[in-house]
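Chain by chain, the residues run as shown.
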Amino acid sequence: MFASIPGFDTLYSEDDINHMGMEWLRLLNEMFHEFDMLLEQPEFAGVEKIKTIGSTYMAATGLKESDTVNDYHIYTMALFSFALREKLKEISYNALNDFEFKIGINTGPVVAGVICAEKPLFDIWGDTVNVASRMESTGATGETQVTKNVEIALTRKSLQLRHKGAVFCKGKGELEVYLLITPQEYNI
């Protein structure tokens, strides 16, 4: 999953009024801290934060060798995306702003590992990760865009999605994509 906050980088400025950019970095740090705190909740125990890239939060589920591939991991990630949206709404209200996420989710195999000796970093790679990134980058602010495989799994778990149509994704061509409907939109 990639969850970005579009427009956050355009707000960043190194002016005296925001202490040469420190206030924006403080806010971004607060946001990421709050998102990390969600991972402490038992229902998100299987979600792993991978990293942050600018104002984008990257996470994955089902990474342990003992994990079996099933709809549970995809469902957990969908629920986590709902929780992220609610947390960002709360932060935005307190910051007198109207930040929204643009989220992309995909499912499939990845290569995971630690690279570098001096400053080790855990990361994941592969087509699954690239397509998740494309789901985010080709999506719209306020939407969670997912692939057909995610749609199939979430429909089996009784979540609702809307067919968006075909979207061109670099390196993949046209992909059929779906939008995850938030619980508020259909009252679960």
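Scroll up for the structure.
Here we summarise the structure given alongside this text. (Residues numbered from 1 in each chain as written. Predicted model: local features only at pLDDT ≥ 70, side-chain atom pairs only at ≥ 80, totals over all residues. Heavy atoms only, no water.)

Within the fold, Asn149 resides in helix H5 (residues 148-156). Judged by relative accessible area, which is 48%, Asn149 ranks as partly exposed. Along the primary structure Asn149 and Glu176 are separated by 27 residues, whereas in three dimensions their C-alpha atoms are 9.9 Å apart. (Helix = DSSP H or I, 4+ residues; strand = E, 2+ residues; numbered from the N terminus. Buried < 20%, exposed > 50% of the residue type's maximum accessible area, 1.4 Å probe, protein only.)

With that out of the way, let us pick up the pattern of salt bridges. Taken as a whole and judged by the stated rule, the model has ten salt bridges. We note a salt bridge from Asp36 to Lys49, for which the minimum N-O separation is 3.1 Å. Taken as a pair, Asp36 in helix H2 (residues 22-38) and Lys49 in strand E2 (residues 47-53) lie far apart in primary sequence, 13 residues in all. For Lys49, a relative accessible area of 30% puts it in the partly exposed group. Look at the salt bridges and you will find they share partners, linking Glu34, Lys87 and Glu90 into a network. (Salt bridge = Lys/Arg side-chain N within 4 Å of Asp/Glu carboxyl O.)

What follows deals with the nonpolar core. In terms of nonpolar packing, the biggest core is built from 37 residues, with Met1, Met31, Phe35 and Phe80 touching the most fellow members. At the level of secondary structure, the elements contributing two or more residues to this core comprise H2, strand E3 (56-61), helix H3 (71-94), strand E4 (102-105), H5 and strand E9 (173-180). Excluding residues within four positions of it along the chain, Met31 makes contact with Ile5, Phe8, Leu88, Ile91 and Phe99. One finds Met58, Ala60, Val129 and Ala132 within the second-largest nonpolar core, a separate group that totals seven residues. (Core = buried A, V, L, I, M, F, W, Y, C linked by side-chain atoms within 4.5 Å. Contact = heavy atoms within 4.5 Å.)

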